Amino acid sequence: MRTHWCGELRTEHVGEEVALCGWVSRRREHGEHLAFVDVRDRTGIVQCVVDNAHDLRSEFVVRVSGTVRHRLEGTVNDKLATGEIELQDCTVEVLNRADPPPFPLDERTDVDEAVRLRHRYLDLRRSRLQRNLEIRARVNSAIRAAMERQGFTEVETPLLMPSTPEGAREFLVPSRQVPGSFYALPQSPQLFKQLLMVAGTERYYQIARCLRDEDLRADRQFEFTQLDLEMSFVDQDDVLAAVSEAVLDAAEAITGHRPDDIPQMTWHDAMDRYGSDKPDLRFGMELQELTELFAGTGFQAFASAAAIKGLRVPGQGDLGRKKLDALTDDAKQLGAKGLVWMRVREGGDLESPVTKFLSETELKAVVDATGAEAGDLLLLVADEWHTTCEVLGGLRNQVGRPPVSQGPFRYVWIVDFPMFVGVDATTGTPKPAHHPFTRPHPDDLDRLESDPMDVRSKAYDLVLNGWELGSGSLRIHEPELQQRVFSLLGISPEEADRRFGFFLNPFRFGAPPHGGFGMGMDRLVAILAGEDNIREVIAFPKPQSGADPMTGAPTTADDKQLAELGLRLLPPKA
RNA sequence: GGCCCCGUGGCUCAGUUGGUUAGAGCGUUGGCCUGUCACGCCAAAGGUCGCGGGUUCAAGUCCCGUCGGGGUCGCCA
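Residues numbered from 1 in each chain as written. Chains lettered and ligands numbered in written order. Predicted model: local features only at pLDDT ≥ 70, side-chain atom pairs only at ≥ 80, totals over all residues. Heavy atoms only, no water.

Let's shift gears to the packing of aromatic side chains. Given two aromatic rings, their pairing is described by the distance between the two centres and the angle made by the two planes. Scanning all chains against the criterion turns up 12 aromatic pairs. Measuring from ring centre to ring centre gives 5.3 Å for F437 and F500, while their planes differ by 90°; the resulting arrangement is edge-to-face. Note that F437 is positioned in the loop between strand 19 (430-432) and strand 20 (459-464) and F500 in helix 12 (residues 493-504), a separation of 63 residues in sequence. Considered together, F437 and F500 belong to a single accessibility category, that of buried residues. Here the aromatic cluster, defined as three or more aromatic residues joined through ring pairs, consists of F437, F486, F500, F503 and F507. (Phe/Tyr/Trp six-rings, centres within 6.5 Å; stacked < 30°, edge-to-face > 60°. Helix = DSSP H or I, 4+ residues; strand = E, 2+ residues; numbered from the N terminus. Buried < 20%, exposed > 50% of the residue type's maximum accessible area, 1.4 Å probe, protein only.)

Taken together, eight strands build an open sheet; the order of strands is 6-9-10-22-21-20-17-11 and the sheet is mixed. Each edge of the open sheet carries a strand with a single partner, namely strand 6 (153-154) and strand 11 (264-266). Note that strand 6 and strand 9 (residues 203-211) share two bridges and pair parallel. Opposite E154, over in strand 9, you have Y205 as the bridge partner. Helix 4 (residues 190-198) contacts strand 9, strand 10 (223-232) and strand 22 (514-520) of the sheet and is inclined by roughly 20° relative to strand 10. Strands in contact with helix 13 (residues 521-529) are strand 10, strand 17 (411-415), strand 20, strand 21 (467-474) and strand 22; relative to strand 21, the strand with the most contacts, it is inclined by about 140°. (Pairing = 2+ DSSP bridges. Contact = heavy atoms within 4.5 Å. Axes fitted to C-alpha atoms, helices over the stretch in contact; angles between N-to-C directions.)

In this model, helix 12 (12 residues) spans only 11 Å end to end at C-alpha, well below the 16 Å of a helix rising 1.5 Å per residue. Of the positions making up helix 12, those classed as buried are A496, F500, G501, F503 and L504. For helix 12, the arc enclosing every buried residue in end-on projection is 165°, short of the 170-degree limit, so these residues lie on one face. Across helix 12 from its buried face, at more than 90 degrees, point the exposed residues E494 and R498. (Expected span 1.5 Å × (residues − 1). Arc of directions from axis to C-beta.)

The next subject is the protein's contact with RNA strand B. Not every one of the 48 residues close to RNA strand B is listed here, only the nearest: R26, E29, T75, P102 and H434. When the atoms of RNA strand B within 4 Å of the protein are sorted by group, sugar and phosphate make up 53%. The separation between a base nitrogen of RNA strand B and a polar side-chain atom of E86 is 2.5 Å. Within the contact set of RNA strand B, a base oxygen lies 3.0 Å away from a side-chain nitrogen or oxygen of R220. Mapped by element, the contributors of at least two residues to the surface near RNA strand B are strand 1 (17-29) and helix 1 (113-118). When the residues that make up the surface near RNA strand B are grouped by side-chain class, the tally is 16 nonpolar, 13 polar and 19 charged. (Near = heavy atom within 4 Å. Polar contact = N/O pair within 3.5 Å; in protein donor to acceptor, adjacent residues only side chain to side chain. Nonpolar A, V, L, I, M, F, W, Y, C, P; charged D, E, K, R; others polar.)

Once that is clear, we can look at the side chain of D38. Relative to the elements of secondary structure, D38 occurs in strand 2 (residues 35-41). If we skip the residues at most four places from it in the chain, D38 touches W23, V24, S25, R26, R28, I45, V46 and Q47.

Let us now look at the packing of helix 11 (residues 479-488) against helix 12. At a minimum axis separation of 11 Å, helix 11 and helix 12 run at an interaxial angle of 135°. Relative to helix 12, the element helix 11 is oriented oblique. You can see that helix 11 and helix 12 cross each other, and the crossing is right-handed. Contacts between helix 11 and helix 12 involve Q482, Q483 and F486 from the first element and P493, A496, F500 and L504 from the second. (Parallel < 35°, antiparallel > 145°, perpendicular 65-115°, else oblique. Left-handed = near helix turned anticlockwise from the far one by under 90°.)

As a further point, take helix 10 (residues 385-400). Between the first and last C-alpha of helix 10 there are 22 Å, a value that for 16 residues agrees with the 22 Å anticipated at 1.5 Å per step. Those residues of helix 10 lying buried are T388, C389, V391, L392, G393, G394, L395 and R396. Buried positions along helix 10 lie against helix 6 (267-274), strand 13 (307-313), helix 8 (321-333) and strand 16 (377-383).

By the element assignment, V39 lies in strand 2. Using a relative accessible area of 1% as the deciding quantity, one classes V39 as buried. As a C-alpha pair, V39 and D260 span 221 residues in sequence and 42 Å in three-dimensional space. In contact with V39, not counting residues within four places along its chain, are C6, G22, W23, G44, I45, V46, C48, V62 and V64.

Quick look at the packing of helix 3 (residues 127-149) against helix 5 (residues 236-255) now. Relative orientation of the contacting elements helix 3 and helix 5 amounts to 140°, with a least axis distance of 8 Å. Classified by the angle between their axes, helix 3 and helix 5 sit oblique to one another. The way helix 3 lies across helix 5 gives a crossing that is right-handed. Listed contacts from helix 5 to I135, R138, V139, A142, I143, A146, M147 and R149 of helix 3 are E245, A246, D249, A250, A253 and I254.

So, about the confidence of the model for chain A. Per-residue confidence for chain A gives a mean pLDDT of 94; residues scoring 70 or more make up 100%. Confidence metrics for the complex model read pTM 0.95 and ipTM 0.93. (pLDDT = per-residue confidence, 0-100.)

Let's shift gears to the environment of W5. Here W5 is to be found in the segment before strand 1. Along the chain, W5 and L185 lie 180 residues apart, while their C-alpha atoms are 41 Å from each other. Not counting chain neighbours up to four residues away, the residues in contact with W5 comprise L20, D41, R42 and T43.

Along the chain, T291 turns up in the loop between strand 12 (288-289) and helix 7 (300-303). Overall, the relative accessible area of 17% leaves T291 in the buried class. In this structure, T291 is in contact with A306, A307 and I308, ignoring residues within four places of it in sequence.

Bringing the sheet that holds strand 12 into the picture now. Strand order in this open sheet of five strands is 12-13-16-14-15, and the pairing throughout is antiparallel. Only two strands of the sheet have a single partner each, and these edge strands are strand 12 and strand 15 (350-351). Strand direction decides the pairing type here: strand 12 and strand 13, joined by two bridges, are antiparallel. Within the sheet, the bridge partner assigned to E289 lies in strand 13 and is K309.

Before going further, it helps to spend a moment on the pattern of salt bridges. Evaluation of the coordinates by the stated rule reveals 49 salt bridges. The shortest N-O distance in the salt bridge between R27 and E29 comes to 3.0 Å. E536 serves as the salt-bridge partner of R116, at 2.8 Å between the closest nitrogen and oxygen. Placement of the pair is R116 in helix 1 and E536 in the loop between helix 13 and helix 14 (559-565), with a sequence separation of 420 residues. (Salt bridge = Lys/Arg side-chain N within 4 Å of Asp/Glu carboxyl O.)

In structure tokens:
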């Protein structure tokens, strides 16, 4: 139907007879015998000169044939890629009429997201989402190429699998053939990809859809897409290198230049310096160690604390009481008992509600240690090390963090995660930080039983601009070690067999050492596309409620469907 | 489940201390216009102020509840 795309026409096409297809973007009428019609397809817009645009309306679907010519002197539009030319002697064929769109399809107005989602097919017609979908496709393609180049084999894994109730809440699918039983949709292909290692696939990857029935956020959807991979006979750096290669290729495909190699930072360093296991390295404001300074202090809140740290907020010394109170509330929300603020005055004097409890020496030492200058604000927290770090890290993000999409892109690998986080309140056993198949750090193996909370694991996260892009680990491939970890977690051999038997038994048949990674494609694409929200890089996302305003999903099932599945509904809650 | 923000023609918004008949721009419809490009000009249509209740002589405005959207904490091994 068409000979060219709208967006590709240039002065070199002058004189050619062309046929274009697309939508009427805008029309400008000048009386009976002259009108301009902007025709748009996914590549761009071309101005067509017609003698009568009376029967054309916005978003009508048209096929236009005509001759490309230079625009008249003084009528060139430099805001348009095709602005030097126009189509003359046009024949316009209306392929379909269109109702006026419920919202403008230009880029100038920020339309309410509920309206956009209800008419997503129109929202997708706009250049922002067209561009984002193209970026997404290019990222996918670059990643596939990088994986293939590195010898990975793409394998598809089942969507219908047994429920494994650990971790995120699963979506359940009732079985028709076995009424009363259910499949679960995968939170990730975790179990299958490890079995592929037992199977000798050696290098597996998949751009896989994963599903988690948890509350939606700016960076979370029920369904999300993950670059999933697993490798045999590798150490941690091999996995990191393979993932880095794919991510950096993807970044290069979008931005045109390849980022530096991705640095590594230990989890402990990240917590200690940035107060987060996903530190945003685009801005400084590192936490300052102050514990030693206050050894033997007379200030009760500091005297008993295991860790005291400070955050220097440059130039915010004029923050009002209301804002400071709000920060204090935030600190408490983050788990602190309180927040000490100090305004730095000329000459290094500190103004704070607690100065009267602190000695001159201590006050001066705080200024020295933080490097504070007049006009700065200092925030101090004293608590257990982990709490102190986390609270100040939260405040650091709050006062200093730019939108995630705002460059530059700062990638970082976080390594040496702790094996366990916290203790289960009911059973008293440690809780795994990653999953129970994560390999303990070899240097800490002998302390697994004696000092579990101090044991590191071979788990790692990839972080970009403060967003966790993905995580992975080396796995346990020896049944004996797996047994040790299970017993630490309070899982008996019988229970392990019941819950993970189909997964663990194969490991007796010669499981190779292996490890892998899973990376959120939606997040990577969003950041590369300059979006703060993954919904902007997903063709048909869901709002926070999880109910799709366009399709009406989820819908009720009729009695016949339910009967076939052996299900009966409970009466609605009152 | 908690907290915060938002909801006024199709879209984006204004609406004062609670006070007459709720406004604007864009869009839509009709008319005019031969070089515009966010064209311009004239005119018209279009409103359950999300919904329900309450306070009041009087509610878009205040209060309670509810629904929808967004952000965030919990949750996301």
